[in-house]
Protein chains: 2
Amino acid sequence: MKAYKDLSREELQELQTKLQAEYDKLKQAGIKLDMSRGKPGSDQLDLSSPMLDLLNSTSSFRGVNDLDIRNYGLLDGIAEAKELFAELMECTPDHVMVCGNSSLSIMYDLITRAMTHGIGGNTPWCKLEHVKFLCPVPGYDRHFAITEHFGIEMISIPMDENGPDMDLVEQYVNHDPMVKGIWNVPKYTNPAGIVYSDEVVRRFARLKPAAPDFRIFWDNAYVIHDLYPDNKGKLLNIVEECEKAGNPDMYYELCSTSKVTFPGSGVAALITSPANVEETKKLMSWQTIGYDKVNQMRHVLYFKNVAGMRAHMEKHADILRPKFEAVLNCLEKELGGLEIGSWIKPLGGYFIAFDTLEGCAKRVVGLCKDAGVIMTPAGSTYPYKNDPSDTSIRIAPTYPTADELKQACEVFVLCVKLASVEKYLASAN
Amino acid sequence: MKAYKDLSREELQELQTKLQAEYDKLKQAGIKLDMSRGKPGSDQLDLSSPMLDLLNSTSSFRGVNDLDIRNYGLLDGIAEAKELFAELMECTPDHVMVCGNSSLSIMYDLITRAMTHGIGGNTPWCKLEHVKFLCPVPGYDRHFAITEHFGIEMISIPMDENGPDMDLVEQYVNHDPMVKGIWNVPKYTNPAGIVYSDEVVRRFARLKPAAPDFRIFWDNAYVIHDLYPDNKGKLLNIVEECEKAGNPDMYYELCSTSKVTFPGSGVAALITSPANVEETKKLMSWQTIGYDKVNQMRHVLYFKNVAGMRAHMEKHADILRPKFEAVLNCLEKELGGLEIGSWIKPLGGYFIAFDTLEGCAKRVVGLCKDAGVIMTPAGSTYPYKNDPSDTSIRIAPTYPTADELKQACEVFVLCVKLASVEKYLASAN
């Protein structure tokens, strides 16, 4: 197959006619598919349902220290859950707060408290003229939504296959006291699926922030969400690296079981220095008496330890791998050699990032929508939903069934082709 | 028994010697009891444990609309739970948001969002010079803690057996635009156990706030927490009354199953106008994708309807009634006629409020503590923990066993006697 850029005007016009006919036919098919969000499929949720058999009316509900886990108390979670997350995140339990069902809420609450009460005795951000956050792009739309919601200025930081441009990160963080934080999904980035290199993590740990209340938001959402048991992404431990670098309080690391057990009925944890844990516990004490300890215990009993979690995640991988590969194979088969798009094959996480020709992402997503396939809106992976080159599309292959996915991919590649031909024809005018 | 105020100096001294000897003996007994918090006992928690048998690995997890309740989504809760809470709170489901495990968190979040983003398009409270809240006293310490945490000025409003002094409430709310809210536990007030009269509720509904973003915080924490099935407190419906009075958006009503099923593993709900629900959902969408729907469904399946909840609450009442009566009988038997304290017999809720002679509450609580009985710190039921007359003590009789309660009460009444004698002797000097 010839690259589109090498086609003549006549060839392009002929191709457009053919593609448009295919597209019009597809539009009539009444397709209704959703590849917009990183949702597990019901078969994945079934993997965890036996967890619900473990605590029942015959259980003792007594944790260590003989505490009745059904009652009030333990703001930072049951000791058993702290140990499980400490093992998972490779730190000691005094670095762990086990919370409710959402790491997004933990992050939102951290930002909210920084706004209203400040971090480490520094001025609350809402009292400052100007607060800035760095946003490696493409990134997680819900991160950017939080900072936008609070009027925090967001600065895009480009990423390559090793992670964010650390020269730029250092330039901002080390010299601008208004830069208070940076969003990261360091392992299997959302959406590109890359893993931050050791050098990148070390440079993060060695930052010398101009702002004493600067924090790295390290959303380790896919810490054990590998697709290939024999080829796992490896991420340096931010806890250890920050401690080694003399910056023990500089990070808030997040994780959750939303995509391990149940989205909405999982358990999320904050991993940070013991000093930050103390500060957070104190500030959290106005908000709640404690999170759902019964659900925490259910998770502990089900997994027992991290080996149990890893074995469980292999079952998820067995379900997800064919879905990712179906998309990747379709992209390769249909778009390989055409030079109208690029993508990276991820080793884990929940997304495939696809880059169109410049200025084509919105058009592709619009074409998909009109043909009944909902993609994440183009631009969502950038601050202010503004992807300046309009190239970035996030593909979420986890929720549809294999058959649906095949159909959705066919629609997608057709839309990419059509939009690309349109672009070349327009530029030839 | 003669009232202490009528005792001569010699009689008081003789009494003090005797009481002090009893107290010193008690102190040696190594008692360790806690009557400080409104925690259910484990026997109460056992009542709800069968709920945990209802969802297990064989369940379908399909709600109405065929939604998989284990997955992401439904920010305002599953339809089934909204219906249950709507029936309980006597409103339509469009007035209901079913959230996580804590009504305290809902209230904290409402205040936080009012601080950072404002209510109904009005200026965020954090941008205002001065924000005031009215606090009927004695009241719930965690309410006052939230407003204090945000630097909101708290104004105490005295209560009698009908509720807050509504002349004063109207004077503040209708004339001072800085008054943005009022905290209430309208049924079985914490700690006095009174129920707001119909006239008080109607005057609340008919307020004409100077501030367009004024809200009544109506923490209906004990909505079905009656001690006597045949003699229940009756509270007018704030939803209906506010709608009738043309103030449909003026209230946020809260309720939860923390003391129906499990504290920490229950379900909490916000009841407010459909317009407020829309506003809250929008602002909440930055914080979370949704709450624990599996736990919501567990509650729906267990109770089925409000009749099921009421039958369940009668079992709680059977456990709690003897505890309340043990305390009340001890107070009556040991302190009746002495005129050194007063209390109201509540028909529900979780507390008994005890008023000492002026200036004695701190001393009583201190004496109790030294004898091994932990009471809620004196003053806690007032804004800034400052009870100007130092008379208010909150007794929480629910958590200790009957035997422990008997022992704790004996310590308490002895401490009341001792502190009262000390007061009269000091004033006689």
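Let me sum up the structure you'll find in this document.

Cut-off values and rules
- Residues numbered from 1 in each chain as written.
- Chains lettered and ligands numbered in written order.
- Predicted model: local features only at pLDDT ≥ 70, side-chain atom pairs only at ≥ 80, totals over all residues.
- Heavy atoms only, no water.
- Helix = DSSP H or I, 4+ residues; strand = E, 2+ residues; numbered from the N terminus.
- Rg over C-alpha atoms; globule rule 2.2 N^0.38 Å.
- Buried < 20%, exposed > 50% of the residue type's maximum accessible area, 1.4 Å probe, protein only.
- Contact = heavy atoms within 4.5 Å.
- Areas by Shrake-Rupley, 256 points an atom, 1.4 Å probe, with all protein chains shown as cover.
- Lys, Arg positive; Asp, Glu negative; His and termini not counted.
- Charge placed at Lys NZ, Arg CZ, Asp CG, Glu CD.
- Least-squares fit on C-alpha atoms with pLDDT ≥ 70 in both.
- Pairing = 2+ DSSP bridges.
- Axes fitted to C-alpha atoms, helices over the stretch in contact; angles between N-to-C directions.

Topic: the overall build of chain A
Right, on to step 1. If you tally the helices and strands in chain A, you get 13 helices and 13 strands.
Right, on to step 2. Taken against the 2.2 N^0.38 rule, which gives 22 Å for 429 residues, the C-alpha radius of gyration of chain A at 23 Å falls within 12% of a compact globule.
Right, on to step 3. Based on the C-alpha atoms only, the size of chain A along its principal axes is roughly 75 × 55 × 35 Å.
Right, on to step 4. Considering chain A as a whole, with its 429 residues, one finds that 61% of them fall into the buried category.
Right, on to step 5. Taking the contacts inside chain A whose residues are at least 6 apart along the sequence as the reference set, 76% of them involve residues at least 24 apart.
Right, on to step 6. Surface exposure of chain A reaches about 16100 Å², of which carbon and sulfur atoms provide 50%.
Right, on to step 7. Each charge sign in chain A was given a centre, from 46 positive and 58 negative side chains, and these centres are 3 Å apart.

Section: the environment of Glu279 of chain B
Residue and element names in this part refer to chain B.
Right, on to step 1. Among the secondary structure elements, Glu279 is positioned in helix H9 (residues 274–284).
Right, on to step 2. The exposure class of Glu279 is partly exposed, given its relative accessible area of 22%.
Right, on to step 3. With residues up to four places along the chain from it excluded, the contact list for Glu279 reads Ile119, Gly120, Gly121 and Tyr252.

As for the relation of the copies chain B and chain A
Right, on to step 1. Mapping chain B onto chain A calls for a rotation angle of 180 degrees and an axial translation of 0.0 Å; the resulting RMSD is 0.0 Å. Both chain copies can therefore be described as sitting about a two-fold axis.

Focus on the sheet that holds strand S4 (residues 153–160) of chain A
Residue and element names in this part refer to chain A.
Right, on to step 1. Across the sheet, eight strands lie side by side as S2-S9-S8-S7-S6-S3-S4-S5; this open sheet has mixed pairing. A single partner strand is all that each edge strand has here, and the edge strands are strand S2 (96–98) and strand S5 (163–164).
Right, on to step 2. With three bridges connecting them, S2 and strand S9 (residues 268–271) associate as antiparallel partners. The partner of Met97 across the bridge, within S9, is Leu270.

As for the sheet that holds strand S8 (residues 251–256) of chain B
Residues and elements named next belong to chain B.
Right, on to step 1. Pairing is mixed across the open sheet formed by eight strands, whose spatial order is S2-S9-S8-S7-S6-S3-S4-S5. Every other strand in the sheet has two partners, leaving strand S2 (96–98) and strand S5 (163–164) as the edge strands with one partner each.
Right, on to step 2. Sheet topology places strand S4 (residues 153–160) next to S5; two bridges connect them, and they run antiparallel. By the bridge assignment for S5, Met159 is matched with Pro164.
Right, on to step 3. In this fold helix H3 (residues 79–89) packs onto S2, S8 and strand S9 (268–271), with an angle of close to 125 degrees to the strand it touches most, S2.

These results come straight from atomic positions and should not be treated as a statement about function.
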